[in-house]
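Given next are the chains, with one letter for each unit.
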Amino acid sequence: NFLHDDAYSAGVYVTHFWKDRSYYISGKFAASKVSGSAESLENTQTASERFFQRPDNRHSTLDTTRTSMAGTSGTIVFGKRSGNLVYDLGYTWRSPQLSLNDIGFLSQTDFMTQWLWVQYRKLNPFGPFRSMRVNMTQYTDLDFSGKMLEEGVDFNAHAQFKSFLGLSTGFSINSNSISNADLRGGPSITYPGRMSQWFWMGTDNRKKLRFAINPWWGKGFDGYQSNEGLWLDFRYRPNNSVNISLSPSVSQSENALQYVSTESHENNPRYIVATINQKTYNISVRLTYMITPNLSVQYWGQPFAAAGSYSAFKRITDPDAENYTSRYALLNTTYDENDET
């Protein structure tokens, strides 16, 4: 009884080019409908991709008598794809009622995104370069109530030298962001903005042995978050048919508002968060054997290990307060790892 009786989804995708395929407009549209018992539809409405039960949700509230639900999603893009200057201007949405998880994977609904991507490129050799690309992306995210979730910009540049050495770097910055999901059915919570930067360098991809390195780092404003990491890639091609790749990485992150639990106090929910310091190690292994130019066999695996420690437990007091430190109150408590209390 907790499962849907019926689940339907359908979509259409169309692209139109003109002026020798220099310009294009494309559209994607999808729709879904699920139906079943009131229990199954309540589970759908309170699932982690929706959380209709949020106390500050005014535009898609929980209806425990509902026995069907229909939603839509789509993307519209206008762009230019030829010349030194290319761009995309797009808009995408997923309605709160969209439901695809009976046969697909959908992690989030209830958002609309507008974006503008512009690239200046030189694809023919000049000076010391074989090619160069410089990108700028601007985006704005809102939910279906019109509430601003996030806006930001990203800049990145990529160059390949005549020696076939490749260099890339990028920088991004975003404003305060709002999550409708992080308190697991609780109210929306506002985070300070953040900035991040990364760098990449790769040697000649034509050689039998290739090496690449990619460090990154980021910092949240008001000191609420930080992360840094390093990714390496070693690729060996003993002949044209075999490719062996090892890609180890290590990362460390700290987040002062990691969700921990929802507890009841005097019949009122209290949303508990804490500072988490987490380290993650992994190594990707990829082995490829080309049997013919159109047929290959590949193995990929990624053993990893992650460990995190919690400290500075807090309860959320005003998740949308203008001042970051007014959004929570520190708890005068300790955490017992033995019995998890």
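Above this text is the structure in question.
One pass over the full model with this rule turns up 12 aromatic pairs. The interplanar angle of 15° and the centroid separation of 6.2 Å between the aromatic rings of Trp18 and Tyr23 together place this pair among those described as stacked. Classification of Trp18 by relative accessible area gives partly exposed; the value is 32%. By relative accessible area, Tyr23 is classed as partly exposed at 22%. Ring geometry for Tyr324 versus Tyr328: centroids 5.6 Å apart, planes at 65°, classification edge-to-face. No difference in accessibility class separates Tyr324 from Tyr328, as the two residues are buried. One aromatic cluster is present, built from ring pairs that chain together Trp18, Tyr23, Phe78 and Tyr87. It is Lys122 that lies over the ring of Phe126; its NZ or CZ is 4.4 Å from the centre. Sitting above the plane of the Tyr328 ring, Lys314 keeps its charged end 5.7 Å from the centroid.

This next bit is on unusual backbone geometry. A positive phi is found at Phe51, a non-glycine position, where the angle reads about 55°. Assignment of secondary structure puts Phe51 in the loop between helix 1 (38-45) and strand 3 (68-80). Residue Arg184 is not a glycine yet carries a positive backbone phi of 55°. What makes Arg184 partly exposed here is its relative accessible area of 42%.

The next point concerns the pairing of strand 16 (residues 295-301). A regular strand places its side chains on the two faces of the sheet in alternate fashion. Bridging between strand 15 (residues 268-292) and strand 16 involves seven bridges; their strand directions are antiparallel. Among the inter-strand pairings, Met290 is bridged to a residue of strand 16, identified as Ser296. Two successive antiparallel strands, strand 15 and strand 16, enclose a turn made up of two residues.

This next bit is on a negative patch on the surface. Taken together, Asp336, Glu337, Asp339 and Glu340 make up a surface patch of like negative charges. Following the sequence through the fold, Asp339 ends up in the segment after strand 18 (328-330). Residue Asp339 is classed as partly exposed on the basis of its relative accessible area, which comes to 46%.

Here is what the cut-offs are and how they apply
Throughout, a residue's number is its position along its own chain's written sequence, starting from 1. Local features are withheld for residues below a pLDDT of 70 in this predicted model, meaning they are given only at 70 or higher, and side-chain atom pairs are given and counted only at 80 or more; totals for whole chains, interfaces and linings count all residues. Only heavy atoms go into the side-chain values, all of them from the structure, while hydrogens and water stay out. By convention, a stacked pair of Phe, Tyr or Trp rings (six-membered ring in the case of Trp) has centres within 6.5 Å and planes under 30 degrees apart, an edge-to-face pair has planes over 60 apart, and any other such pair is tilted. A simple rule labels every residue: compare its accessible area, found with a 1.4 Å probe on the protein chains alone, to the largest value its type can have, and call it buried under 20%, exposed over 50%, or partly exposed in between. Counting as a charge over the ring demands two things of the Lys NZ or Arg CZ atom: a distance within 6 Å of the ring centre and an angle within 35 degrees of the ring normal. Every helix listed is a DSSP run of H or I at least four residues long, and every strand listed is a run of E at least two residues long, numbered separately from the N terminus. In this analysis, strands are considered paired if DSSP registers two or more bridges between them. To count toward a patch, a residue needs a relative accessible area over 30% and no salt bridge; like charges are then connected within 9 Å, while nonpolar side chains (Val, Leu, Ile, Met, Phe, Trp, Tyr) are connected within 5 Å. Residue-level accessible areas treat just the shown protein chains as cover; the underlying method is Shrake-Rupley with a 1.4 Å probe. A pairing counts as a salt bridge when a side-chain nitrogen of Lys or Arg comes within 4 Å of a carboxyl oxygen of Asp or Glu. The charge count includes Lys and Arg as positive and Asp and Glu as negative, but it does not include His or the ends of the chains. Charge positions come from single atoms, namely NZ of Lys, CZ of Arg, CG of Asp or CD of Glu.

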